[in-house]
Amino acid sequence: MAKKMPALLFFPGDWLKEPALRCASLAARGLWIDMLCLMYESPKRGYLSLKSGKAVHHQQLARMVGGSVKEVKDLLAELEDCGVFSIDGDGVIYSRRMVNDEIVREQKSRAGKEGMKNRYKSVITEPITEPQQKQNK
């Protein structure tokens, strides 16, 4: 499960320079940014899935973004034709960039924790309890 973080890392330059996204209409890009926000909040970061892990269907996505089912289907087809997103073996739409960024974030987090453990393993052996603390009076 993805760690809860308060903000989405967004690079305006990457958004504006991405050829696949630039070939999509304004409406399709609007749907995509909503989808990115939903994927960010997903239990599996980067995947457009429900808490159960199942794919979000057109009807559900339409309700989530406040559009009609036909509009969402058409815009998803446009985004797919432009190569904006990928679909996994279970039919779940995902953002390649967000998934890769999450993998890198998790690796760096693990490395940082391991580094701190190694740095302080000889210094901190046991937590200090009340009787071990010195009086500051």
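Residues numbered from 1 in each chain as written. Predicted model: local features only at pLDDT ≥ 70, side-chain atom pairs only at ≥ 80, totals over all residues. Heavy atoms only, no water.

A. Broad picture of the overall build of the protein. Scanning the protein from terminus to terminus reveals 6 helices and 2 strands. Along its sequence from the N terminus, the protein presents helices and strands in the succession α-α-α-α-α-β-β-α. Surface accessibility of the protein: about 9900 Å² in total, with carbon and sulfur atoms responsible for 56%. (Helix = DSSP H or I, 4+ residues; strand = E, 2+ residues; numbered from the N terminus. Areas by Shrake-Rupley, 256 points an atom, 1.4 Å probe, with all protein chains shown as cover.)

B. Geometry of the pattern of salt bridges. Tallied over the entire structure, the rule returns 5 salt bridges. Note that Arg-97 and Asp-14 form a salt bridge whose closest N and O atoms lie 2.8 Å from each other. Of the two residues, Arg-97 sits in helix α6 (residues 96–120) while Asp-14 sits in helix α1 (residues 12–17), which places them 83 residues apart along the sequence. With a closest N to O distance of 2.7 Å, Asp-74 and Lys-70 form a salt bridge. Of this pair, Asp-74 and Lys-70 both sit in helix α5 (residues 69–82), 4 residues apart, which is roughly one turn of that helix. Judged by its relative accessible area of 59%, Lys-70 falls in the exposed class. Connected through salt bridges with shared partners, the residues Asp-14, Arg-97 and Asp-101 form a single ionic network. (Salt bridge = Lys/Arg side-chain N within 4 Å of Asp/Glu carboxyl O. Buried < 20%, exposed > 50% of the residue type's maximum accessible area, 1.4 Å probe, protein only.)

C. Region of interest: the environment of Gln-60. As for its placement among the helices and strands, Gln-60 is situated in helix α4 (residues 58–65). With relative accessibility at 22%, the residue Gln-60 sits in the partly exposed group. It is 9.9 Å that separates the C-alpha atoms of Gln-60 and Val-72, two residues lying 12 residues apart in sequence.

D. Summary view of the nonpolar core. One finds Trp-32, Met-35, Leu-61, Leu-76 and Leu-79 to be the most contacted residues of the largest nonpolar core, which totals 24 residues. Looking at this core, the elements with two or more residues in it are α2 (19–22), α3 (26–41), α4 and α5. Among the elements that line this core, the one with the most residues is α3, at 7 residues. Look past the residues within four positions of Trp-32 in its chain and what remains in contact with it is Trp-15, Leu-21, Met-39, Leu-79, Val-84, Phe-85 and Ser-95. Membership of the second largest hydrophobic core comes to 5 residues, among which are Ala-55, Val-92, Tyr-94 and Val-99. (Core = buried A, V, L, I, M, F, W, Y, C linked by side-chain atoms within 4.5 Å. Contact = heavy atoms within 4.5 Å.)

E. Broad picture of the packing of α3 against α4. Packing of α3 against α4 brings their axes to within 11 Å, and their N-to-C directions diverge by 95 degrees. Regarding the angle of α3 to α4, the classification is roughly perpendicular. Residues Leu-31, Asp-34, Met-35 and Leu-38 of α3 form the contact with α4, whose participating residues are Leu-61, Met-64 and Val-65. A per-class count over the contact of α3 with α4 returns 6 nonpolar, no polar and 1 charged. (Axes fitted to C-alpha atoms, helices over the stretch in contact; angles between N-to-C directions. Parallel < 35°, antiparallel > 145°, perpendicular 65-115°, else oblique. Nonpolar A, V, L, I, M, F, W, Y, C, P; charged D, E, K, R; others polar.)

F. Expanded view of the environment of Ile-103. Within the secondary structure, Ile-103 sits in helix α6. Along the backbone, Ile-103 and Arg-45 are 58 residues apart, and their C-alpha atoms lie at a distance of 9.6 Å.

G. The packing of aromatic side chains, seen in detail. Enumeration according to the criterion identifies 3 aromatic pairs in this entry. With centroids separated by 5.8 Å and ring planes inclined at 50 degrees, the aromatic side chains of Phe-10 and Trp-15 adopt a geometry described as tilted. The partly exposed category is assigned to Phe-10, whose relative accessible area is 39%. With a centroid separation of 6.1 Å and 25 degrees between ring planes, the pair formed by Trp-32 and Phe-85 is classed as stacked. Of this pair, Trp-32 sits in helix α3 while Phe-85 sits in the loop between α5 and β1 (86–87), and the two are 53 residues apart along the sequence. Relative accessible area serves as the criterion here: at 6%, Phe-85 is assigned to the buried category. Over the aromatic face of Tyr-47 sits the side chain of Lys-44, whose NZ or CZ is 4.3 Å from the ring centroid. The residue whose ring lies beneath Arg-45 is Tyr-40, and the NZ or CZ to ring-centre distance is 4.4 Å. (Phe/Tyr/Trp six-rings, centres within 6.5 Å; stacked < 30°, edge-to-face > 60°. Lys NZ or Arg CZ within 6 Å of the ring centre and 35° of its normal.)

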